[in-house]
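# Descriptive structure summary
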Amino acid sequence: MQLKIEEPPRLELKGTPREIGLEHGRLLQDQIKDQIKVYENMFQETSKLSWDAVRELAEEFRASLEQKLPEIYEEMQGIADGAGLDLLDIVALNCRSEIAMGFFSDGCTSLSWKKHDNARILSQNWDWAAAAGKNIAIVSIEQPGKPKVYMVTEAGIVGKIGFNSAGVGVCLNAIRARPCISSKVPIHVALRLCAESLSVNHAVEKLSSLGGIACSVHILVADSTTALGLELSPLGDVHLTEDALGTVAHTNHFIENRYVYEPPWLSGSPIRLDRTQQLVRELNESGISGSEITPGLLRDKIFSDTFNAPQAICCSEDPARGPAVRSKTIFNIIMNLEQGNVGAELVVGRPGSGEETAVIQMPWN
């Protein structure tokens, strides 16, 4: 008998940045402290860094965040205070991708698909170590003057994968490339800024106005009329537009960005990308379009796919990798970005495995 995965906690946060952070930290303090232990083990395994050394590196990002993004900084301070931790612990969690310099490889397969001129489906399998995956949370964030944000994130981290009440959604694919520039915007902070944006163009302008990204990443951002694959790096960006089928698909390597040096590191990434595009073509050739592009269809026909396992779209653990960074699909999210009908379906666990949770609706009642 297969056991169902427990649903993650749901947080409804609102108020000032400090109030939002305090409540986040208070409600998730046990998960945040456990997540620090998880990443302490990962840093030791991948980079031979102690958590004290990680905190020292986090100071560079702390100073930049305080200067450039005072509201995000205030929220992080609130999380730290609410959880009974030092601010640098929370900064380190939020900048863990940059500090690890590409040794952490979460992200995996993302896809946007045009349903019609005023609707996009935005979807992703998020693959990461099971130890970190047990500390995810579903969060809504309500702030005056900004769209309401709904996201799936890790305890203690201010931004990740989700959408907002203005119909803007965001997905993540990690990229392993150098360099990293600590004066620029960390990846998870960039995801939060995108999730607060009023449109795709607004998200692009916001990141550009802040001087760009600290570490290489692909962020797939969409609203009802536009989808862009943002291949971002500290040395230059490339934007991928929709193909002839109205899709943007991405995995864990740059497709067009050549501004940074990206050594080959995840052999399954190009295979997953080709497989995703193949499955989309097959669905299109079978006549699937418009309202027939549903979350259930995408979960069944694309995101449950195990071709080239363990490095499949639906990822399973690879025993050849170290236990601290042995990835598997932690959740699947499929967002409907349609004017007047914005929402998402979330499944925690490997879709199609029989172990996943029942479909969780976002927003929830």
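Numbering of residues starts from 1 in every chain and runs along the sequence as written. Local features in this predicted model are restricted to residues of pLDDT 70 or higher, and side-chain atom pairs are both shown and tallied only at a pLDDT of 80 or more, whereas totals for entire chains, interfaces and linings draw on every residue. Hydrogens are left out, water is left out, and the side-chain values use all remaining heavy atoms of the structure.

## Considerations on the sheet that holds strand β3 (residues 119-129)
For two strands to be treated as a pair, DSSP must find no fewer than two bridges joining them. In this description a helix means any DSSP run of H or I spanning at least four residues, a strand means any run of E spanning at least two, and both kinds are numbered starting from the N terminus. Spatial strand order, β11-β2-β3-β12-β13-β14: 6 strands in an open sheet with antiparallel pairing. This sheet does not close on itself; its edge strands, each paired only once, are β11 (247-250) and β14 (360-362). Neighbour-to-neighbour, the strand axes of the sheet open up by a mean angle of 15°, direction not taken into account. For strand β13 (residues 343-348) and β14, the ladder comprises 3 bridges, and the chain directions are antiparallel. Across the sheet, Glu345 pairs through a bridge with Gln361, a residue of β14. Any two residues whose heavy atoms approach within 4.5 Å at even a single point are treated as in contact. Every angle, taken between N-to-C directions, lies between 0 and 180 degrees, and every axis is a line fitted to C-alpha atoms, over only the stretch in contact when it is a helix. Against the sheet, helix α10 (residues 268-285) makes contact with β2 (110-116) and β11, and its axis sits at roughly 155° relative to β11, the strand it touches most. Each of β2, β3, β12 (327-338) and β13 touches helix α11 (residues 295-303); the most contacted strand, β12, lies at about 145° to it.

## Examining the domain arrangement of the chain
As assigned here, the chain comprises domain 1 (10-100) and domain 2 (109-362). Between domain 1 and domain 2, the residue contacts involve 38 residues of the former and 40 residues of the latter. Two parts placed together each lose some accessible area under a 1.4 Å probe, and adding up what both lose gives the buried area. Where domain 1 abuts domain 2, roughly 3,200 Å² becomes buried across the two surfaces, and 59% of that area is made up of carbon and sulfur atoms. Any Lys or Arg side-chain nitrogen found within 4 Å of a carboxyl oxygen on Asp or Glu counts as a salt bridge. On inspection of domain 1 and its partner domain 2, the count reaches 4 salt bridges. Counting of polar contacts relies on pairs of N or O atoms within 3.5 Å, with two restrictions inside protein: one atom must be capable of donating a hydrogen and the other of accepting it, and residues adjacent in sequence are counted only when both atoms are side-chain atoms. Applying the counting criterion to the domain 1 and domain 2 interface returns 23 residue pairs in polar contact (both at pLDDT 80 or more). Secondary-structure elements contributing two or more residues to the side of domain 1 that touches domain 2 are β1 (10-14), α1 (17-27), α2 (29-47), α3 (51-68), α4 (70-83), α5 (87-94) and α6 (96-99). The element best represented in the side of domain 1 that touches domain 2 is α2, accounting for 10 residues. Looking at the side of domain 1 that touches domain 2 residue by residue, the class counts come to 18 nonpolar, 9 polar and 11 charged. Bear in mind that the domain bounds are from an automatic or database domain assignment. Amino acid classes used here: Ala, Val, Leu, Ile, Met, Phe, Trp, Tyr, Cys and Pro are nonpolar; Asp, Glu, Lys and Arg are charged; the rest, including Gly, are polar.

## Focus: the sheet that holds strand β4 (residues 136-142)
Read across the sheet, 8 strands follow the order β1-β4-β5-β6-β7-β8-β9-β10 without closing on themselves; strand pairing throughout is mixed. Where the open sheet ends on each side, the last strands, each with one partner, are β1 and β10 (238-240). Direction aside, the axes of adjacent strands within the sheet are offset by 20° on average. Across 6 bridges, strand β8 (residues 217-222) lies against strand β9 (residues 227-232) in antiparallel orientation. Within β9, the position partnered with Val217 by the bridge is Leu232. The strands touched by helix α9 (residues 200-209) within the sheet are β8, β9 and β10, with β9 carrying the most contacts at an inclination of about 15°.

## Concerning the packing of aromatic side chains
Here the aromatic set is Phe, Tyr and Trp, taking the six-membered ring for Trp, and pairing holds for ring centres within 6.5 Å; pairs whose planes are under 30 degrees apart are stacked, those over 60 apart are edge-to-face, and all others are tilted. Considering all chains together, one arrives at 4 aromatic pairs under this definition. For the ring pair Trp126 and Phe331, a centre distance of 5.4 Å and an interplane angle of 35° mean the geometry is tilted. With Trp126 in strand β3 and Phe331 in strand β12, this residue pair connects regions lying 205 residues apart in the sequence. In this structure, Trp126 and Phe331 share a single accessibility class: buried. Considering the side-chain rings of Tyr150 and Trp364, the 6.3 Å spacing of their centres and the 85° angle between planes classify their relative orientation as edge-to-face. In this pair, Tyr150 sits in strand β5 (residues 149-154) while Trp364 sits in the segment after β14, placing the two residues 214 residues apart along the sequence. Each member of the pair, Tyr150 as well as Trp364, is classed as buried. Burial classes follow relative accessibility: with a 1.4 Å probe on protein chains only, a residue under 20% of its type's maximum area counts as buried, one over 50% as exposed, and anything between as partly exposed.

## A closer look at the environment of Leu210
Structurally, Leu210 can be placed in the loop between α9 and β8. A relative accessible area of 16% places Leu210 in the buried class. Through-space distance from the C-alpha of Leu210 to that of Lys184 is 7.4 Å; in sequence the pair is 26 residues apart. When sequence neighbours within four positions are dropped, the list of residues in contact with Leu210 reads Lys68, Leu69, Val185 and Leu193.

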